[in-house]
Amino acid sequence: MNSSVITYFDWLLAPFYILVIYFIAVRIKNREIAANPIYKYFLWALFAKIFGAIALCLIYVYYYKEGGDTLSYHVDSSTLLKLLFYSPSAFFRVWLLPLSTETSLYFRNETGFLIFWNDSNAFMVDRLLLPINLLSFNSYLVSSILMAVVSFTGVWKLYQVFCDANPLLYKYFSVSVLFVPSVIFWGSGILKDSFTLAAAGWYTYAFYKIFIKRDRIIFPATALVISIFILITIKPYIFVGLLPGSMLWMIWNRLSSIKNLTVRIFAAPVIAAVGIAIGVGIWMLTSSNLGRYSTMDGIIEKAQISSLDL
């Protein structure tokens, strides 16, 4: 990997995409800000993410030079893109089916070879990155900018949840959710973290809409399923970490809505049991994809290893 990853074509193309993103974002802000003052941070937060993605690109390409996961994901996604035009039938087998030795045989000198062909979690990033690569004309810099926009959607949804629950604290939430420098840098470019950050934000938003606000659930339910899928196929431990907190959130919300103390005391065990049952049910439905996190023993073992590492 070297500086040739970013070409003159990238530098010419990137400003055009940034302008398009800017005009779309301005329209969204102008449409929403009269009813919701949090949108005064919308443009700032979006372009902070874009700045973080560009900074990640420049550091990995011009400083580290030897590459890293971010460039490997781009190379793999480019390889998939070549396979799409070389053999569409082979491409859809690789893109949609689990990785195997058989699917690795579809790649040849004309398409290039996958770096993460034996890592299903990393290869999911390759799969998800493909539409972004198509939209960017396979430009690494532009793909990173578009990835920042995708990540921003989840972060903004998370910010909306906090602000809806505590409207008076929206300024403080903007600092803690939208403008943390390390999150802007590591959660904006082409990395696992950008996808999982977006998915975690959408998961929280969808869970809030379905189980806390009890609004219309068709769109939130779809978002919940997609976000869970992305989390368990890239970094399942994030989903394992989110699930118990989600259940406690739902249980507490139901209990706090009961005004009568006596009724609340008698209802507490029932509501808690239902919440735990839902959590266990979701865990069982997704356990086949959770790998080492599919059992309590596996979770404890991983926690112990992480603790010793620290």
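Here the structure is a predicted model, which is why all the values come from computation and not from measurement. (Residues numbered from 1 in each chain as written. Predicted model: local features only at pLDDT ≥ 70, side-chain atom pairs only at ≥ 80, totals over all residues. Heavy atoms only, no water.)

K.L.:
Account for the nonpolar core, naming residues and giving values.
P.N.:
Counting residues in each nonpolar core, the largest one holds 61 residues, and the members touching the most others are W156, Y159, L178 and L224. Among the elements that line this core, the one with the most residues is helix α7 (residues 140–165), at 12 residues. Excluding its chain neighbours within four sequence positions, the residues that come into contact with W156 are I38, Y39, Y41, F42 and L178. Ranked by size, the runner-up nonpolar core spans 12 residues in total, among them A90, F91, V94 and F107. (Core = buried A, V, L, I, M, F, W, Y, C linked by side-chain atoms within 4.5 Å. Buried < 20%, exposed > 50% of the residue type's maximum accessible area, 1.4 Å probe, protein only. Helix = DSSP H or I, 4+ residues; strand = E, 2+ residues; numbered from the N terminus. Contact = heavy atoms within 4.5 Å.)

K.L.:
Run through empty space enclosed by the protein, naming residues and quoting values.
P.N.:
By the definition in use, this model includes one cavity of 30 Å³ or more. Quantified by volume, the largest cavity comes out at close to 30 Å³. Lining the largest cavity are K49, V155, V177, L178, F179, V180, V183 and I184. Those elements that provide at least two residues to the lining of the largest cavity are α8 (170–178) and α9 (181–186). Partitioning the lining of the largest cavity into residue classes produces seven nonpolar, no polar and one charged. (1 Å grid on protein atoms, 1.4 Å probe; cavity = no way out; pocket = protein on both sides within 12 Å on 5 of 7 lines; lining within 4 Å. Points joined across faces, edges and corners; volume = space filled by probe spheres on them. Nonpolar A, V, L, I, M, F, W, Y, C, P; charged D, E, K, R; others polar.)

K.L.:
Would you mind going over the environment of A221 in detail, with residue names and values included?
P.N.:
Inspection of the secondary structure puts A221 in helix α11 (residues 218–234). By relative accessible area, A221 is classed as partly exposed at 29%. In sequence terms A221 and I210 are 11 residues apart; their C-alpha atoms lie 7.2 Å from each other.

K.L.:
Give me the lowdown on the packing of aromatic side chains, citing residues and values where you can.
P.N.:
Overall, the coordinates contain 25 aromatic pairs when judged by the stated rule. For the ring pair Y41 and F179, a centre distance of 6.5 Å and an interplane angle of 70 degrees mean the geometry is edge-to-face. Residue Y41 is located in the loop between α1 (8–32) and α2 (42–64), and its partner F179 is located in the loop between α8 and α9; the two are separated by 138 residues in the primary sequence. A network of ring pairs unites the aromatic residues Y203, F207, Y208, F211, F239 and W249 as a single cluster. The residue whose ring lies beneath K157 is Y205, and the NZ or CZ to ring-centre distance is 4.4 Å. (Phe/Tyr/Trp six-rings, centres within 6.5 Å; stacked < 30°, edge-to-face > 60°. Lys NZ or Arg CZ within 6 Å of the ring centre and 35° of its normal.)

K.L.:
Run through the packing of helix α6 (residues 120–135) against α11, naming residues and quoting values.
P.N.:
α11 packs onto α6 with a crossing angle of 135 degrees between their chain directions and a minimal axis gap of 7 Å. Relative to α11, the element α6 lies oblique. When α6 is examined against α11, the residues S120, N121, M124, V125 and L128 are found in contact with a partner set consisting of F229, I230, I232, T233 and I234. In terms of residue class, the contact of α6 with α11 is built from seven nonpolar, three polar and no charged. (Axes fitted to C-alpha atoms, helices over the stretch in contact; angles between N-to-C directions. Parallel < 35°, antiparallel > 145°, perpendicular 65-115°, else oblique.)

K.L.:
An account of the side chain of S246 is needed here, citing residue identities and associated values.
P.N.:
Structurally, S246 is set in helix α12 (residues 236–256). Within the structure, S246 has its side chain in polar contact with the backbone oxygen of L242 (distance 2.7 Å). (Polar contact = N/O pair within 3.5 Å; in protein donor to acceptor, adjacent residues only side chain to side chain.)

K.L.:
Before we move on, can you summarise the pattern of salt bridges with the specific residues and values?
P.N.:
The final tally for this structure, using the stated rule, is four salt bridges. Between D164 and K213 there is a salt bridge whose closest N-O contact spans 3.5 Å. Pair noted here: D164 is in helix α7 and K213 is in helix α10 (residues 192–213), with a separation of 49 residues, a long-range link. On the accessibility criterion, D164 (39% relative accessible area) is partly exposed. Between D193 and K235 there is a salt bridge, with the nearest N and O atoms lying 2.9 Å from each other. Taken together, the residues D193 in helix α10 and K235 in the loop between α11 and α12 connect sequence positions 42 residues apart. The class of D193 is partly exposed, set by a relative accessible area of 32%. A residue is classified by how much of its surface remains accessible, and K235, at 14% relative accessible area, is buried. (Salt bridge = Lys/Arg side-chain N within 4 Å of Asp/Glu carboxyl O.)

K.L.:
Any chance you could break down α10 for me, citing the residues and the numbers?
P.N.:
Over its 22 residues, α10 extends 30 Å from the first C-alpha to the last, a length consistent with the 32 Å expected when each residue adds 1.5 Å. Extensive coverage of α10 is indicated by the burial of 17 of its 22 residues. In the stretch just after α10, R214 is the one whose phi turns positive, near 55 degrees. (Expected span 1.5 Å × (residues − 1).)

K.L.:
Report on α6, specifying residues and quantitative values.
P.N.:
If you check α6, its first and last C-alpha atoms are 24 Å apart, about what 16 residues at 1.5 Å a residue would give, namely 22 Å. Maximal helix bending in α6 amounts to about 35 degrees, located at L129; proline P131 follows within four positions. For α6, the complete set of buried residues consists of A122, F123, M124, V125, D126, R127, L129, L130, I132 and N133. Packing partners of the buried residues in α6 comprise α3 (69–86), α4 (88–96), α7, α10 and α11. Structurally, the start of α6 carries an N-cap: the backbone nitrogen of N121 is 3.2 Å from a side-chain oxygen of D119. Phi turns positive, to about 60 degrees, at F137, one or two residues after α6. (Bend = angle between axes of the 7 residues up to and from the residue.)

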